[in-house]
Amino acid sequence: MESRLTFLLVVASLFGAPAVSGLPLVTIFSKAIRYFASGDAAAAAPAVHNGPPAFCNDLSCPRFQIIDKTLDYELRRYEAVQWVSTNTSEGYSYTVSTTRLFRKLFKYIKGANAEEKKIAMTVPVINLINETASPRQLEMSFYLPAEKPQPSDPRVYLTNTPKMLVYVREFGGFTFGYRRWEMEAKKLTAALDSAGITYHSTFFYTASYNSPFTLFGRHNEIWVIAK
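Bear in mind the structure is a predicted one, so any value in this text is a computation, not a measurement. The numbering scheme is per chain: residues are counted from 1 as the chain's sequence reads. Selection of residues for local features in this predicted model requires a pLDDT of at least 70, selection of side-chain atom pairs for listing and counting requires 80 or more, and totals for whole chains, interfaces and linings are taken over all residues. As a rule here, side-chain values cover all heavy atoms of the structure and leave hydrogens and water aside.

Comments concerning the overall build of the chain
Cut-off, in case you're wondering: The helix and strand labels rest on DSSP assignments: H or I over at least four residues marks a helix, E over at least two residues marks a strand, and numbering proceeds from the N terminus. Any residue under 20% of the maximum accessible area for its type is buried, any over 50% is exposed, and the rest in between are partly exposed; the area is computed with a 1.4 Å probe on protein chains only. Only the protein chains shown count as cover for residues, and all accessible areas are computed by the Shrake-Rupley method using a 1.4 Å probe.
Along the backbone of the chain there are 4 helices and 9 strands. Listing the helices and strands of the chain from first to last along the sequence gives α-α-β-β-β-α-β-β-β-β-α-β-β. When the 227 residues of the chain are sorted by exposure, 47% land in the buried category. As displayed, the chain has an accessible area near 11700 Å², and 53% of this comes from carbon and sulfur atoms.

This is the structure:
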């Protein structure tokens, strides 16, 4: 338990979260659960902006343009973006899988690369989820704004997403495993189906913008790629 807490505190510092090491772990998560259950976790929709949106929390994040916005989603245009990625198709739970993938990418930005270079944390941390595969396929990626050294770990690799139109559903609070992500993804696709919008239906992305120790003002997104 102590080693897991230490790792989470390091992750929290990467995201620029305030130090909480003086609080008992049970206090941290009890506050998080009460916050999530209170219904106050809904994320405010961002306005059209010229610079990085507030939910990037002063960390580097991909720029985008808002094309359209409804009560259920917004349509964004992203330019081509480079990421560092790793994946798994092993039959572990979502929580176990994402923890293992995060550790691999965390090591990359801490110097496990060809140049032994440390790279600042960025957002969002995205997960590409293919639910049509059995077991479910999962690819996690960190955004790379500039520095792109080759990974030392053969299980970690550089990837690119092309220019794309993305339907985005935003929501707040803690996700606590896969179920919340799945629920929000279904809400997004239901809204798109109702509007007669076509999209790539065999996969979707989750996007996380906060340290695990950010208790308030959390921002999460589901991404579905337009056809």
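Once the structure has been displayed, the description carries forward.
Section: the sheet that holds strand β2 (residues 74–78)
Put simply, the rule reads: Two strands form a pair only when DSSP identifies at least two bridges running between them. Each axis is a line fitted through C-alpha atoms, and for a helix only the stretch in contact is used; angles between axes span 0 to 180 degrees, taken between their N-to-C directions.
Strand order in the open sheet made by the 9 strands is β1-β2-β7-β9-β8-β4-β5-β3-β6, with antiparallel pairing throughout. Each edge of the open sheet carries a strand with a single partner, namely β1 (64–69) and β6 (157–161). On average, each strand axis in the sheet is inclined to that of its neighbour by 35°, with strand direction left out of account. Pairing of strand β4 (residues 125–130) with strand β5 (residues 137–143), which is carried by 6 bridges, proceeds in the antiparallel orientation.

Looking at the packing of aromatic side chains
Inclusion rule: The aromatic pairing rule takes the rings of Phe, Tyr and Trp, using the six-membered ring of Trp, and pairs them if the centres are within 6.5 Å, calling planes under 30 degrees apart stacked, those over 60 edge-to-face and the rest tilted. Two conditions define a charge sitting above a ring: the NZ of Lys or the CZ of Arg must be within 6 Å of the ring centre, and it must be within 35 degrees of the ring normal.
Within the structure shown, the criterion is met by 11 aromatic pairs. Taking the centre distance of 5.4 Å and the plane angle of 75° together, the rings of F171 and W181 count as edge-to-face. Here W181 lies in helix α4 (residues 178–194) and F171 lies in strand β7 (residues 164–171), a separation of 10 residues in the sequence. We classify W181 as buried; its relative accessible area is 3%. What links up through ring pairs into an aromatic cluster is the set F64, Y78, F203, Y205 and W223. Stacked on the ring of Y178, the Lys or Arg R136 has its end atom at 4.1 Å from the ring centre. The ring of F174 carries the charged tip of R218 above its face, separated from the ring centre by 4.2 Å.

Side note on empty space enclosed by the protein
For clarity, the threshold we go by: With a 1 Å grid spanning the protein atoms alone, the term cavity applies to any set of points in which a 1.4 Å probe fits but cannot get out, the term pocket to an open set with protein on both sides within 12 Å along at least five of seven lines, and the term lining residue to any residue with an atom within 4 Å of a point. Grid points are joined across faces, edges and corners, and a volume is the space filled by probe spheres set on the points. Only Asp, Glu, Lys and Arg are considered charged in this grouping, and only Ala, Val, Leu, Ile, Met, Phe, Trp, Tyr, Cys and Pro are considered nonpolar; every other residue, Gly among them, is considered polar.
Tallied over the full model, the rule gives 1 cavity of 30 Å³ or more. In this structure, the largest cavity encloses a volume near 30 Å³. Residues that form the lining of the largest cavity fall into these classes: 8 nonpolar, no polar and no charged.

Topic: helix α3 (residues 94–109)
Going by this rule: Expected helix span is taken as 1.5 Å per residue step, with the number of steps being one fewer than the number of residues.
With 16 residues, α3 should reach 22 Å at 1.5 Å per residue; the first-to-last C-alpha distance of 22 Å fits that figure. Restricting attention to buried positions, one finds in α3 the residues Y94, S97, T98, L101, F102, K104, L105, F106, Y108 and I109. Looking at the residues trailing α3, positive phi occurs at G111, about 125°.

Quick look at the nonpolar core
Selection rule: By nonpolar core we mean a set of buried residues, namely Ala, Val, Leu, Ile, Met, Phe, Trp, Tyr and Cys, connected to one another through side-chain atoms within 4.5 Å. By the convention used here, residues are in contact when the closest approach between their heavy atoms is within 4.5 Å.
Formed by 33 residues in total, the largest nonpolar core has its most connected members in F142, Y167, L192 and I222. Listed by contribution, the elements that provide at least two residues to this core are α3, β4, β5, β7, α4 and β9 (220–225). Among the elements that line this core, the one with the most residues is α3, at 7 residues. Beyond its immediate sequence surroundings of up to four residues, Y167 is in contact with Y73, E74, L75, L188, L192, I197, T198, I222, W223, V224 and A226.

Let's talk about the state of the cysteines
The following threshold applies: By definition, disulfides here are pairs of cysteine sulfur atoms that lie within 2.5 Å.
Enumeration over the complete set of coordinates arrives at 1 disulfide. Paired by a disulfide, C56 and C61 hold their sulfur atoms 2.1 Å apart. Judged by the torsion about the S-S bond (100°), the C56/C61 disulfide is right-handed. Relative accessible area serves as the criterion here: at 1%, C56 is assigned to the buried category. Given the relative accessible area of 7%, C61 is considered buried.

A word on the pairing of strand β8 (residues 203–208)
Bridging between β4 and β8 involves 6 bridges; their strand directions are antiparallel. Bridge pairing in β8 places V125 opposite S208. Both β8 and β9 contribute to a ladder of 4 bridges, which runs antiparallel. In the sheet register, Y205 faces β9, and the bridge partner there is W223.

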